[in-house]
Amino acid sequence: MADTQGSASAQFKIVPDADMPTGRNVLPVERRGEITWFVREGQMSSSLCAEINRALTQITRTGRWTQDWDGPDKPPQHPH
């Protein structure tokens, strides 16, 4: 997600097994101006997570990530 001010945030975060819903290995959680993909521990290496986050930082800072919140869908909320 990017906005015209470049303050968007996109990231992957590895979380403990107990923090994830049953049957899900990844859970995208969106809020206006940000998205975090929560990934069940053991399903993604920390080095891959860091590499993806570097790429996401690059595309959000340059404004190449966009999200339109004017549509009918509401962002999903984290289960906690």
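Residues numbered from 1 in each chain as written. Predicted model: local features only at pLDDT ≥ 70, side-chain atom pairs only at ≥ 80, totals over all residues. Heavy atoms only, no water.

Enquirer: Kindly report on the overall build of the protein, identifying the contributing residues and their values.
Expert: Assigned secondary structure in the protein consists of one helix and three strands. Reading the secondary structure of the protein in the N-to-C direction produces β-β-β-α. Here the protein holds 80 residues, and the buried ones make up 30% of them. Contacts in the protein between residues at least 24 apart in sequence constitute 66% of all its contacts with a sequence separation of at least 6. Accessible surface computed for the protein: about 5500 Å², of which carbon and sulfur atoms make up 48%. (Helix = DSSP H or I, 4+ residues; strand = E, 2+ residues; numbered from the N terminus. Buried < 20%, exposed > 50% of the residue type's maximum accessible area, 1.4 Å probe, protein only. Contact = heavy atoms within 4.5 Å. Areas by Shrake-Rupley, 256 points an atom, 1.4 Å probe, with all protein chains shown as cover.)

Enquirer: Summarise helix H1 (residues 46-61); cite the residues concerned and give the values.
Expert: In this model, H1 (16 residues) spans 22 Å end to end at C-alpha, consistent with the 22 Å of a helix rising 1.5 Å per residue. Where H1 is concerned, the buried positions are Cys-49, Asn-53, Leu-56 and Thr-60. The buried residues of H1 occupy one face: seen down the axis, they fall within an arc of 65°. Relative to its buried face, H1 has exposed residues pointing more than 90 degrees away, namely Ser-47, Glu-51 and Arg-54. Looking at the packing, one finds that the buried side of H1 touches strand S1 (9-15) and strand S3 (34-40). Looking at the residues trailing H1, positive phi occurs at Gly-63, about 75°. (Expected span 1.5 Å × (residues − 1). Arc of directions from axis to C-beta.)

Enquirer: Please give an account of the pattern of salt bridges that cites residues and values.
Expert: A complete count under the given rule lists two salt bridges for this structure. With its nearest N and O atoms 3.5 Å apart, the salt bridge here joins Glu-34 to Arg-31. A relative accessible area of 36% means that Arg-31 is categorised as partly exposed. (Salt bridge = Lys/Arg side-chain N within 4 Å of Asp/Glu carboxyl O.)

Enquirer: Outline the environment of Gln-11, listing residues and values.
Expert: Assignment of secondary structure puts Gln-11 in strand S1. Given a relative accessible area of 33%, Gln-11 falls into the partly exposed group. With sequence-adjacent residues up to four places away left out, Gln-11 is seen in contact with Ile-35, Thr-36, Trp-37, Asn-53 and Leu-56.

Enquirer: An account of the environment of Leu-27 is requested, with residue identities and associated values reported.
Expert: Its location among the elements puts Leu-27 in strand S2 (residues 26-31). By relative accessible area, which is 10% here, Leu-27 ends up buried.

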